Every structure is written in C-alpha cells, then in structure tokens.
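Chain residues, written in single-letter form:
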Amino acid sequence: NGEKTRLNWDDRKKYTRLVTQARLHEGDLQLGWIRRGFYEVAPKPCLDILTWQEVEARVCGQPHVTTEMLRGMADACSGRSSHRPLNSRCREALDRFWTVVERMSNEERAKLLKFVTGRTRVSHSSTCEFFIHPYEPSAETQDSHLPTAHTCDNTLDLPTYSSLEIMRDKLLYAVSHCTAIDTDHDATTATHDHTAHLPPTLFLSAPITYVNTSGGSGERRVFFG
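Below is a summary of the structure that appears in this document. Owing to the predicted nature of the structure, the values given are computational and were not obtained by experimental measurement.

Details of the overall build of the protein
Now for step 1: A count of helices and strands for the protein gives 10 helices and six strands.
Now for step 2: Roughly 14500 Å² of accessible area belongs to the protein as shown, and the carbon and sulfur atoms make up 54% of that amount.

Some thoughts on the packing of helix H6 (residues 88-103) against helix H8 (residues 164-177)
Now for step 1: Where H6 meets H8, the closest approach of the two axes is 10 Å, and the angle between their N-to-C directions is 60°. Put simply, H6 runs oblique to H8. Note on packing geometry: the crossing formed by H6 with H8 is right-handed. Residues Ala93, Arg96, Phe97, Thr99, Val100 and Arg103 of H6 form the contact with H8, whose own contacting residues are Leu164, Met167, Arg168 and Leu171.
Now for step 2: Tallied by class, the residues present in the contact of H6 with H8 amount to six nonpolar, one polar and three charged.

A few points about the pairing of strand S4 (residues 155-159)
Now for step 1: Of all the five residues making up S4, five are buried; the element is thus mostly covered by neighbouring parts of the structure.
Now for step 2: Going residue by residue along S4, you find Thr155, Asp157 and Pro159 tucked away on one face and Leu156 and Leu158 tucked away on the opposite face as well.
Now for step 3: Pairing between strand S2 (residues 130-135) and S4: five bridges, direction parallel. Across the sheet, the residue bridging to His133 is Asp157, located in S4.

Brief notes about the packing of aromatic side chains
Now for step 1: A complete count under the given rule lists one aromatic pair for this structure.
Now for step 2: Aromatic side chains Phe97 and Trp98 sit 5.0 Å apart centroid to centroid with 70° between the ring planes, which places their arrangement in the edge-to-face category. Accessibility assignment for this pair places Phe97 and Trp98 in one class, buried.

Notes on unusual backbone geometry
Now for step 1: At Asn154, a position not held by glycine, the phi torsion is positive, near 55°.
Now for step 2: Of note, Asn154 is situated in the loop between strand S3 (148-150) and S4.
Now for step 3: By relative accessible area, Asn154 is classed as buried at 14%.

Observations concerning the side chain of Arg96
Now for step 1: Here Arg96 shows up in helix H6.
Now for step 2: A relative accessible area of 18% places Arg96 in the buried class.
Now for step 3: In this structure the side chain of Arg96 is engaged in a polar contact, spanning 3.4 Å, whose partner is the backbone oxygen of Ser162.
Now for step 4: Once residues lying within four places of it in the same chain are set aside, the contact partners of Arg96 are Tyr161, Ser162, Ser163, Leu164 and Met167.

A look at the pattern of salt bridges
Now for step 1: Tallied over the entire structure, the rule returns seven salt bridges.
Now for step 2: Taking the shortest distance from any N to any O, the salt bridge between Glu92 and Arg96 comes out at 3.2 Å. Of this pair, Glu92 and Arg96 are both found in helix H6, four residues apart, which corresponds to roughly one turn of the helix.

Notes on the packing of helix H7 (residues 106-117) against H8
Now for step 1: Remark: H7 packs on H8, axes separated minimally by 9 Å, with the N-to-C direction vectors making an angle of 70°. Relative to H8, the element H7 is oriented roughly perpendicular. Between H7 and H8, the contacting residues are Glu108, Lys111, Leu112 and Phe115 on the first element and Leu171, Leu172, Ala174, Val175 and Ser176 on the second.
Now for step 2: Split into classes, the residues belonging to the contact of H7 with H8 amount to six nonpolar, one polar and two charged.

Describing the environment of Ser162
Now for step 1: Relative to the helices and strands, Ser162 is located in the loop between S4 and H8.
Now for step 2: With sequence-adjacent residues up to four places away left out, Ser162 is seen in contact with Arg96, Gln142 and Asp143.
Now for step 3: In this structure the side chain of Ser162 is engaged in a polar contact, spanning 2.5 Å, whose partner is the side chain of Asp143.

Brief notes about the nonpolar core
Now for step 1: Counting residues in hydrophobic clusters, the biggest one holds 31 residues, and the most contacted among them are Leu70, Phe97, Trp98, Leu112, Phe115 and Met167.
Now for step 2: A per-element tally of this core places H6 first, with seven residues.
Now for step 3: Among all residues touching Trp98, those that are not within four sequence positions of it are Thr67, Leu70, Arg71, Ala74, Phe130 and Ile132.

What counts and what doesn't
Residues numbered from 1 in each chain as written. Predicted model: local features only at pLDDT ≥ 70, side-chain atom pairs only at ≥ 80, totals over all residues. Heavy atoms only, no water. Helix = DSSP H or I, 4+ residues; strand = E, 2+ residues; numbered from the N terminus. Areas by Shrake-Rupley, 256 points an atom, 1.4 Å probe, with all protein chains shown as cover. Axes fitted to C-alpha atoms, helices over the stretch in contact; angles between N-to-C directions. Parallel < 35°, antiparallel > 145°, perpendicular 65-115°, else oblique. Left-handed = near helix turned anticlockwise from the far one by under 90°. Contact = heavy atoms within 4.5 Å. Nonpolar A, V, L, I, M, F, W, Y, C, P; charged D, E, K, R; others polar. Buried < 20%, exposed > 50% of the residue type's maximum accessible area, 1.4 Å probe, protein only. Pairing = 2+ DSSP bridges. Phe/Tyr/Trp six-rings, centres within 6.5 Å; stacked < 30°, edge-to-face > 60°. Polar contact = N/O pair within 3.5 Å; in protein donor to acceptor, adjacent residues only side chain to side chain. Salt bridge = Lys/Arg side-chain N within 4 Å of Asp/Glu carboxyl O. Core = buried A, V, L, I, M, F, W, Y, C linked by side-chain atoms within 4.5 Å.

In structure tokens, the structure reads:
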C-alpha cells in the first residue's frame, strides 16, 4: 500500500531499501521465461562452465573483426551468378581491397561487415560467407562509382578503382554513410521528395548524399550527385 503511504524523513532508509528491491526484481517473471527458453537451446550444465563473456562470444560472435576472419568468409566471383576466373584488373582490385581492409580499424571492419551482411560480428562457428564481385565501369566513370552491397545474398559489388587511395575513400564513405537496411520505402520517398524541385543541372553538380534502396529488399547503394 505504498502509494497511499506518506514518505517521512524517518522512513527514508526503509523506502530506499524497498525501492531498490522492487526495481531489482520487477523483471523476474520475464527473465524467468527468457532463461527457460535459453536453457531449451543451450543446456544449463553446459552454460555453468562458461563465463558470460564466453557465452556472449558464442551467441553473438567475437567483438574484434580481423582481416583473417573476413578472408575466411569471403569468396570472389566474376558475376552474381558466375564463377568465371577474374581478369587482371579485377584481380588487382581484389588485392587492393584486402590491403584497404588490412589497414582499417576494428570499428571500420565491423562497419564493412555490416554493410555487406547486415551483422557486425563473426561467430567462430558461423557458416556465413560473403562474395566480392569486382567489376569494370567505363574508364571515364570508374572512380565516380561507390560500392554496392546486397545483404540478401551477402555480395559486395566493387568497382575497379584506379588507385588504392580512391578505393579506400570510397569504401569508407559507403560503409560509414549507409548503415540502414530496412528503409526501402522511406529512403526512396525521401530521395524523390528532396530532388523533385531541383533543376537537372543543380542535381548533377550538388554534393548531395542519398541512400537508394530501390533496387529491392536488402540492396544498399550510396550515391552523390
């Protein structure tokens, strides 16, 4: 009947104790059901020998994303449904890609993983893989393209940039500015609404950044005009 009891200075310690107890146990029912469901998947005797950090790593994956982890997941292809050998330019682009990844920070590699697969960690028992698809734009526009990720099948479309520095800049721009995968309708609508009043010449020259997901569910593209 605490809501009808007036709080006095003399009752402050009792009040503090009761509030603390109530807050610590207000989710007991929900946590009990979560625990019961968890034990149905992972037996309690197995969990008893693990620390919470070890359980987290097994369930969520390692928080540190290394180049070796990504190499172990990756496969290169000459097309989205093709396994023809890569030509020399595509092979060079692939080598540059791994050089860029090696020089990334852990946070940047996690962003790259999320950009391609929608996840930021790699589980040690995961069978998840992603595909790198180097492709050759026209020579006049090769350095104006940005990478495209298809999270539905974990594919990265990677242009054959003319230099390592340009590839690094484009990759970091894409993985840092395109972080959502569930905004197909909103992003497309926002793009149309934002550009409807602009003349073509202004749109082509203005440094405007867009996230365009009109290519279908799970496809992320970053454009700037």
